[in-house]
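Survey of secondary and tertiary structure
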Amino acid sequence: HKTTHVIVLRAPLALYQARKQIPNAKLYLHCHDLFGAQGWAEGFKAIVDTQAVPVVVSEFHKTNMYDTMRALKLEYAIPCRRIYNPIADDLQPDQTTVDCNSVVFFSSPHKGLEHTLKVFAQFQNFDELKDMKLYIANPGYFPDHQTELKNVVNLGALPNHEVIKHVRSALAVLHLNNVYPETGGIVHQECNAVATPFLSSRLGATPEMADH
């Protein structure tokens, strides 16, 4: 069996090893993370040296890549592919009953949870919102954010299919991320797929995902 294509995840310098081990394969670098001046001069050089194709996950991400190259004053001409992050093929609207007093935050806590909780705390000041509950799920690679706020339910780390159940039944996803740009925003793609609205900022790829 001959290997014809190799995908390297997030580690551009590993392209050299992949090229050495499988010299004739087509190489791809799945980037996913934000580009930045720190370390990426060598990263872009590795892409050029190994003739790899970088794969970005949104038009915002592509712009970020080329902006970083310009900031580093690089003259490379690196074509890239934009492929949106995949989500489950069976995600679509269904007949789940919507709880109008439920909103959910299902992202890593460093992606705007603190601001989301500050906004949610203000719900108690409005009669029509004071019974609203915020359900929080955490993918698990950062510790849970502890809070004593009323009507906040911390679900901890849940498998994706359990998270989607909460998303389907929620009035909206409350993801007020104003601090950490999403390169792709799987959270928002999944909301769109099951027809649950999301409330967020215009940071990163979020506006793009609103239309995707």
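These numbers were taken from a predicted model, which means no experiment stands behind them.

Focus: empty space enclosed by the protein
By rolling a water-sized probe across the atoms, one finds the places where empty space is left. The tally for this structure, following the rule as stated, stands at two cavities of 30 Å³ or more. Considering the residues around the largest cavity, the lining is formed by V104, F105, F106, Y135, A137, L155, L158, V163, H166 and V167. Elements that contribute at least two residues to the lining of the largest cavity include exactly β5 (99-106), β6 (133-137) and α5 (160-169). The residue inventory of the lining of the largest cavity, partitioned by class, reads nine nonpolar, one polar and no charged. In this structure, the second largest cavity encloses a volume near 40 Å³. Lining the second largest cavity are F105, S107, S108, P109, L113, I136, A137, N138, D144, H145 and N154. Considering only residue class, the lining of the second largest cavity consists of five nonpolar, five polar and one charged.

Topic: unusual backbone geometry
Of note in this structure, H32 is not a glycine but carries a positive phi near 65 degrees. Within the fold, H32 resides in the loop between β2 (26-30) and α2 (37-50). Judged by relative accessible area, which is 22%, H32 ranks as partly exposed.

Structural notes on the sheet that holds strand β1 (residues 5-9)
Pairing in this open sheet of four strands is parallel, and the strands run β1-β2-β3-β4 from one edge to the other. Each end of this open sheet is capped by a strand with a single partner; those strands are β1 and β4 (81-82). Taken strand by strand, helix α1 (residues 14-21) contacts β1 and β2, and its axis lies near 160 degrees from that of β2.

Concerning the sheet that holds strand β8 (residues 170-174)
The strands making up a sheet are joined through hydrogen bonds of the backbone, oriented either antiparallel or parallel. As summarised here, the arrangement of the five strands in space is β7-β6-β5-β8-β9, forming an open sheet in which the pairing is parallel. At either margin of the open sheet sits one strand with a lone partner, and together these are β7 (152-156) and β9 (198-199). With five bridges connecting them, β5 and β6 associate as parallel partners. Looking across to β6, one finds that F106 is bridged to A137. On the sheet, helix α4 (residues 113-121) packs against β5, β6, β7 and β8 and is oriented at approximately 170 degrees with respect to β6. Those strands touched by α5 are β5, β6, β7 and β8, and its axis lies near 115 degrees from that of β8.

Concerning the pattern of salt bridges
What the rule picks out here adds up to nine salt bridges. For K62, the salt bridge is made with E59, and the minimal N-O distance between the two is 3.8 Å. With K62 and E59 both in helix α3 (residues 59-71), this residue pair falls three residues apart, about one helical turn. Judged by its relative accessible area of 33%, E59 falls in the partly exposed class. Between E182 and K111 there is a salt bridge; the shortest N-O distance is 3.4 Å. With a gap of 71 residues between them, E182 in the loop between β8 and α6 (186-194) and K111 in the loop between β5 and α4 connect regions that are remote in the sequence. Across the pair, K111 and E182 agree in class, each one buried. Several salt bridges converge on common partners, so that one network encompasses E59, K62 and R82.

Reading guide: rules and limits
- Each chain has its residues counted from 1, following the order in which its sequence is written.
- It should be noted that, the model being predicted, local features are given only for residues of pLDDT at least 70 and side-chain atom pairs only at 80 or more, the latter also being counted only at that level, while totals for whole chains, interfaces and linings use all residues.
- Heavy atoms from the whole structure form the basis of all side-chain values; hydrogens and water molecules are not counted.
- Here a cavity means grid points, on a 1 Å grid over the protein atoms only, where a 1.4 Å probe fits yet cannot get out; a pocket means an open set of points with protein on both sides within 12 Å along at least five of seven lines; lining residues are those with an atom within 4 Å of a point.
- Grid points are joined across faces, edges and corners, and a volume is the space filled by probe spheres set on the points.
- Runs of H or I in DSSP of at least four residues are treated as helices and runs of E of at least two as strands, each being numbered from the N terminus.
- In this count, Pro and Cys sit with the nonpolar residues alongside Ala, Val, Leu, Ile, Met, Phe, Trp and Tyr, while Asp, Glu, Lys and Arg are called charged and the others, Gly among them, polar.
- Buried, partly exposed and exposed residues are distinguished by accessible area as a fraction of the type maximum, computed with a 1.4 Å probe on protein chains only: under 20%, between the cut-offs, and over 50%, respectively.
- Following DSSP output, two strands are said to pair if at least two bridges run between them.
- The contact rule is simple, with two residues in contact once any of their heavy atoms fall within 4.5 Å.
- Fitting a line to C-alpha atoms yields each axis, with helices limited to the stretch in contact; the angle taken between N-to-C directions then spans 0 to 180 degrees.
- Criterion for a salt bridge: a side-chain nitrogen of Lys or Arg within 4 Å of a carboxyl oxygen of Asp or Glu.

Nothing here speaks to function; it is all geometry.
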